[in-house]
Amino acid sequence: ELLERALRDNDYHALHFSGHGAFQNGQGYLQLEDPVTNRSSLATAEQFAQSLKAGNTAPALVLLSSCQTAQGMVKGTEFLGAANRLLQANIPGVIAMGFSIRDDYATLFAAGFYEALSKRKNVWEAFHLAVAAMRIDLIRMRYALAEAMTTEQHSLDQQRSLTLRLRQLRDP
């Protein structure tokens, strides 16, 4: 209801959903939270798509920073899943996550994506730059872990060496 009201009151070009998502039993879901009660409920992708159409104009771009929102399947002539439902509702641009994604990586992706858009990159370029930023961060994290492990191993080697020398001094 709050989303529908906000979309009726303003013309948004983009909408960013950051939250939980799931693809279960052939249906895409987004987990929404009531701001008053803090209770969460699952909204089907169809319900979410209908909410986006409540305004004068639907956003041209929807970014779903939530797990499994790009997953889907075909049933007859229908494409099922969150991203598919939004595309069927005539949302021109939908970016969604294919699998489960950690919050820090979803945030890193969004930051890279919006930074690229702010530098006048098109959606396609911004998407690829954001993915590249995530990959670079993953490489940095692996390098830092390898560095930490090497430092730890060096420390252990020094301790072993000192212990050996102490034993040699103690037991000539």
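Keep in mind that what you see is a predicted model, and the values were worked out from it rather than measured.

**Some details on unusual backbone geometry**
- Of note in this structure, N90 is not a glycine but carries a positive phi near 70°.
- Tracing the chain through its elements places N90 in the loop between α3 (82-88) and β8 (93-96).
- The residue R120 is not glycine, and still its phi comes out positive at about 65°.
- Here R120 shows up in the loop between α4 (103-118) and α5 (123-170).

**Digging into helix α2 (residues 45-52)**
- Among the residues making up α2, those that are buried are A45, F48, A49, S51 and L52. On an axial view of α2, the arc spanned by its buried residues comes to 160°, and they lie on one face.
- In this structure, the buried residues of α2 make contact with α1 (2-9), β1 (14-18), β3 (27-33), β4 (40-44), β5 (61-65) and α3.

**Some words on the sheet that holds β5**
- One open sheet holds the 3 strands; their spatial order is β1-β5-β8, and the pairing between them is parallel. Edge strands, defined here as strands with exactly one partner in the open sheet, are β1 and β8. This sheet shows a mean twist of 10° between the axes of neighbouring strands, independent of strand direction.
- Examined bridge by bridge, β1 and β5 share 5 bridges and lie parallel to one another. Looking across to β5, one finds that L15 is bridged to V62.

**Concerning the nonpolar core**
- Membership of the largest hydrophobic core comes to 16 residues, with the highest contact counts inside it found for L15, F17, F48, L52, V62, L64 and L86.
- Top element by residues in this core is α2. It accounts for 4 residues.
- When neighbours within four sequence positions are excluded, L64 is seen to be in contact with F17, L30, F48, T69, A82, L86, V94, I95, A96 and M97.
- Listed in part, the 14 residues of the second largest apolar core include I101, Y105, A106 and M134.

**Notes on the pairing of β5**
- Within β5, 5 of the 5 residues are buried, leaving the element largely enclosed by the surrounding structure.
- With burial as the criterion, each face of β5 is covered, one bearing L61, L63 and S65 and the other bearing V62 and L64.
- Two strands pair when backbone bridges link them, and β5 and β8 are joined in this way by 4 bridges, in the parallel orientation. Across the sheet, L64 pairs through a bridge with A96, a residue of β8.

How each quantity is defined
- Numbering of residues starts from 1 in each chain and follows the order in which that chain's sequence is written.
- Residue-level local features of this predicted model are given only where pLDDT is at least 70; pairs of side-chain atoms are given and counted only at 80 or more, and the full residue set underlies all totals for whole chains, interfaces and linings.
- Hydrogens are left out, water is left out, and the side-chain values use all remaining heavy atoms of the structure.
- Secondary structure follows DSSP: runs of H or I at least 4 residues long count as helices, runs of E at least 2 residues long count as strands, and numbering of each begins at the N terminus.
- Residue exposure (1.4 Å probe, protein chains only): buried if accessible area is under 20% of the type maximum, exposed if over 50%, otherwise partly exposed.
- Note that the arc is computed from the directions linking the helix axis to the C-beta atoms.
- Residues count as neighbours in contact if any of their non-hydrogen atoms are within 4.5 Å of one another.
- Paired strands are those between which DSSP finds at least two bridges.
- A fitted line through C-alpha atoms represents every axis, and for helices the fit uses only the stretch in contact; the resulting angles, taken between N-to-C directions, go from 0 to 180 degrees.
- Each nonpolar core is a collection of buried residues, namely Ala, Val, Leu, Ile, Met, Phe, Trp, Tyr and Cys, held together in the definition by side-chain atoms within 4.5 Å.

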